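# Observations on the three-dimensional arrangement
So you can see what is in the structure, the chains are spelled out below.
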Amino acid sequence: MPELTLEGVRATVPPGTTVLAALQNAGLSPLRHSLSGGARGALCGMGSCYECRAVVDGLTVRSCLTPVREGQDVWRLEVNCDG
Ligand code: FES
């Protein structure tokens, strides 16, 4: 099973899991907040809305389309941006 890091915490998840599912299963929700402070998270689950953006190995990706891989470093967008 792939072992990755979710906001600095090591996690092992089943192969085939999406980064979105890994974040949600780890309780890392919401994924970010809007400028007005509203909680934001995945809407479509199929790559259309871009609401599930997360940072994987320094790149912003749609987490609902991104499978977990060994050694990934995953951050929610706002956590990464705000330090
Ligand atoms: S949940 Fe809509 S693009 Fe990922």
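## Description of the overall build of the chain
- A count of helices and strands for the chain gives 2 helices and 7 strands.
- If you list the helices and strands of the chain from N to C, you get β-β-α-β-β-β-β-β-α.
- In terms of C-alpha radius of gyration, the chain reaches 12 Å, essentially the compact-globule figure of 12 Å for 83 residues.
- Considering only C-alpha atoms, the chain reaches an extent of 40 × 30 × 20 Å along its principal axes.
- Looking at the chain as a whole, 25% of its 83 residues are labelled buried.
- Here the contacts in the chain between residues at least 6 apart in sequence split such that 41% fall between residues at least 24 apart.

## Re the sheet that holds strand S6 (residues 59–62)
- Here 5 strands make up an open sheet; going across it, the order is S2-S1-S7-S5-S6 and the pairing mixed. Every other strand in the sheet has two partners, leaving strand S2 (9–12) and S6 as the edge strands with one partner each. Averaged over neighbouring strand pairs, the angle between their axes works out to 35° when direction is ignored.

## Some thoughts on the nonpolar core
- In this structure, Val19, Ala22, Leu23, Ala54 and Val74 are the most contacted members of the largest nonpolar core, which totals 17 residues.
- The greatest single-element share of this core, amounting to 4 residues, is contributed by helix H1 (residues 19–25).
- Among all residues touching Ala54, those that are not within four sequence positions of it are Val19, Leu23, Leu31, Val61, Ser63, Val74, Trp75, Arg76 and Leu77.

## Points about unusual backbone geometry
- The peptide bond linking Ser29 to Pro30 adopts the cis configuration, its omega dihedral lying at 0°.
- Relative to the elements of secondary structure, Pro30 occurs in the loop between H1 and strand S3 (32–33).

## Concerning the pairing of strand S1 (residues 3–6)
- Residues Leu4 and Leu6 line the buried face of S1, whereas the alternating positions Glu3 and Thr5 sit on a face that is not buried.
- Where S1 meets S2, 4 bridges bridge the pair, whose relative direction is antiparallel. Residue Leu6 lies in a different strand from S2, and its bridge partner there is Val9.
- Linkage of S1 to S2, two consecutive antiparallel strands, is achieved through a turn of 2 residues, within which Glu7 is found at a positive phi near 50°.
- As defined by bridge partners, S1 adjoins strand S7 (residues 73–76) across 2 bridges and the pair is classed as parallel. Counted as the bridge partner of Thr5 is Asp73 from S7.

Analysis parameters
Residues numbered from 1 in each chain as written. Predicted model: local features only at pLDDT ≥ 70, side-chain atom pairs only at ≥ 80, totals over all residues. Helix = DSSP H or I, 4+ residues; strand = E, 2+ residues; numbered from the N terminus. Rg over C-alpha atoms; globule rule 2.2 N^0.38 Å. Buried ≥ 20, exposed ≤ 12 C-beta atoms within 10 Å, placed from the backbone. Contact = placed C-beta atoms within 7 Å. Pairing = 2+ DSSP bridges. Axes fitted to C-alpha atoms, helices over the stretch in contact; angles between N-to-C directions. Core = buried A, V, L, I, M, F, W, Y, C linked by C-beta atoms within 7 Å.

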